[in-house]
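These are the residues of each chain, in order.
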Amino acid sequence: MTKPDAANAAKPVVLIAEELSPATVDALGPDFEIRRCDGANRQELLAAIVDVDAVLIRSATKIDQEALGAATRLKVVARAGVGLDNVDVKAATIAGVMVVNAPTSNITSAAELAIGLLLATARNIAPANQALKGGQWKRSQYSGVELLDKTVGIVGLGRIGGLIAERLAGFGMKIIAYDPYLSAARAGQLGVQLVSLDDLLRWSDFITVHLPKTPETLGLIGEEALKLVKPSVRIINAARGGIVDEEALAIALKEGRVAGAGIDVWVKEPCTQSPLFDFESVVVTPHLGASTGEAQEKAGVSVARSVRLALAGELVPDAVNVSSGFIAEEVRPGIALVEKLGRIYTALAGAVPVQLDIEVRGEITEFDVSVWKLSALKGLFQDVVEESVTYVNAPLLAQERGCEVRLLTDPKSLDFRNVTTLRGTLPDGSVVSVSGTLTGPRMIEKVVAVNGFDLEVPVSEHIAFLTYVDRPGVVGAVGRVLGEAGTNIAGMQVARDAAGGHALMVLTVDSRIPPAVLNEISQEIGAQTVRVADFDS
């Protein structure tokens, strides 16, 4: 471990806990004292982190509650990469420590790897390489297919999906995409035809997945989806493990219903055993999406710049939590609530609005609440796009998807001291709204209205929203189904517009409700809609 230099004692101290590019240190500049340690060595890390202002890490260093507790003046944890599995963000937020990452550092590398896997599966590059190195000339056995005039289906047309579309257009491919959160106008700008998921599955010669991993996308390309595809299709997953069901894909390959696959990400990592390894037509890689020198350098430089901003007390573009001096103390508690309202809005609407109003009412409007606009958008897109959503890219994501946003304030609030409402108009003209507030000395987050139904439900990790026709027995039926499934109800409220009219049931539960259980509830009560919002990921 590098010891401190007395001459630099007055400078903020930045601890580099893993090997980073020289450009990272250059980006920090001369205004900091740089120390180094081996972050993978737990005792060395705990000793080194005690009196530093910022720590820069990659994936081998674990910043958990113990490490945060050892740090006496830590202000920033900077992860030179996208994932934050090795950082306890919640504990950092409680400790007042900002967490930053580099959400766009690897998008080019990830897109290029996906295309590499696609080409490799099209031309049988991996098995041909292995055979030839083994002394076998199997030229006729490994005949492939051209990309020209073939149809590629992109599942998720975010930034990475957009890069894929731009690059594959150069191969003369027809490009279609499924993305319920993208406007047709934006797709048209990319030269892409938006289609339903079923049509994409039926029409595509190649399918490449670029979605975030959420309860809705987990297993999206599974047994039922794979019944719709062409037997000549080749499927690529370089997004998140589990979006393509590995077991179902292996069965489809074995039965000749899928021609090949390229897989970079796995349900369980490290993955050293999989039924997919048995197929020559499957190209596999060990999560190499961000593994390029360029991506690593971009990540290091990006977080170094964020550290400079954070330690200067300025707005940090890639902050994933909230801890900085530029936001009024009165405003800070509402940031997390408004972000959750954004995620609830997406869950309720199932689409990105063309017009979104963030309406803030009450005493809080005496302060600058503009950060809540960013928080709402951050939440809105959290479960929509594959890449990490930050305060700086959330407005761009809204612009790309044709979503106009307004922040409206009014010092008058009738029912609560302060209340924030997200009200959005969807492409079909329908309006979806959700309101929330903070109550009591402990500032408890609550949802207080949904689509005109008044209620007061504490925000929990797992919330379900059911709409149906009001009638006796519904509450009991829902409780029975959840009880039989072993799902414990933490709280329940029912609101209705009239006896026998439309009703809304809001449930908070202790664990995720499995999709099959949601389907059973929907059938049991004749639900008009069933929506869930989960905040444990």
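Criteria and thresholds
Residues numbered from 1 in each chain as written. Predicted model: local features only at pLDDT ≥ 70, side-chain atom pairs only at ≥ 80, totals over all residues. Heavy atoms only, no water. Helix = DSSP H or I, 4+ residues; strand = E, 2+ residues; numbered from the N terminus. Rg over C-alpha atoms; globule rule 2.2 N^0.38 Å. Contact = heavy atoms within 4.5 Å. Lys, Arg positive; Asp, Glu negative; His and termini not counted. Charge placed at Lys NZ, Arg CZ, Asp CG, Glu CD. Axes fitted to C-alpha atoms, helices over the stretch in contact; angles between N-to-C directions. Parallel < 35°, antiparallel > 145°, perpendicular 65-115°, else oblique. Left-handed = near helix turned anticlockwise from the far one by under 90°. Nonpolar A, V, L, I, M, F, W, Y, C, P; charged D, E, K, R; others polar. Salt bridge = Lys/Arg side-chain N within 4 Å of Asp/Glu carboxyl O. Buried < 20%, exposed > 50% of the residue type's maximum accessible area, 1.4 Å probe, protein only.

Asks: Explain the overall build of the chain to me, please; I cannot follow it from the model alone.
Replies: In terms of helices and strands, the chain carries 17 helices and 22 strands. Rg of the C-alpha trace for the chain: 25 Å, near the compact-globule value of 24 Å for 537 residues, within the 12% margin. Excluding contacts between residues fewer than 6 apart, the proportion of contacts in the chain whose partners are at least 24 apart in sequence is 64%. Mean positive and mean negative side-chain charge positions of the chain (50 and 65 charges, respectively) differ by 3 Å.

Asks: What should I look at first to understand the packing of helix α16 (residues 474–484) against helix α17 (residues 515–525) in this one?
Replies: The relative placement of two packed helices is expressed as an angle between their axes plus a distance between the axes. Between α16 and α17, the least distance of the axes is 10 Å, while the angle of their chain directions is 155 degrees. Relative to α17, α16 is oriented roughly antiparallel. Every pair of crossing elements has a handedness; the one defined by α16 and α17 is right-handed. Between α16 and α17, the contacting residues are V474, A477, V478, R480, V481, L482 and E484 on the first element and V517, E520, I521, E524 and I525 on the second. Split by residue class, the contact of α16 with α17 holds 8 nonpolar, no polar and 4 charged.

Asks: Got a minute to help me understand the environment of P212 in this structure?
Replies: Along the chain, P212 turns up in the loop between β9 (206–209) and α10 (223–226). A C-alpha to C-alpha distance of 29 Å links P212 and I16, two positions 196 residues apart in sequence. Those residues in contact with P212, other than ones at most four positions away along the chain, are T217, I243, D383, V384, V385 and E386.

Asks: Help me understand the pattern of salt bridges, please; the structure alone is not making it clear to me.
Replies: Two side chains of opposite charge can pair, provided their charged atoms sit close to one another. Evaluated as defined, the whole model comprises 25 salt bridges. Across the pair D31 and R308 runs a salt bridge whose closest N-O atoms are separated by 3.4 Å. On the criterion of sequence distance, the pair formed by D31 in the loop between α1 (22–28) and β2 (33–36) and R308 in helix α12 (residues 293–311) is long-range, its members being 277 residues apart. In this structure D31 comes out as partly exposed when scored by relative accessible area, which is 42%. According to the relative accessible area criterion, R308 is partly exposed, its value standing at 31%. With a shortest N-O distance of 2.8 Å, R496 and D470 are connected by a salt bridge. You can see R496 sitting in strand β20 (residues 489–496) and its partner D470 sitting in the loop between β19 (462–469) and α16, a full 26 residues away along the chain.

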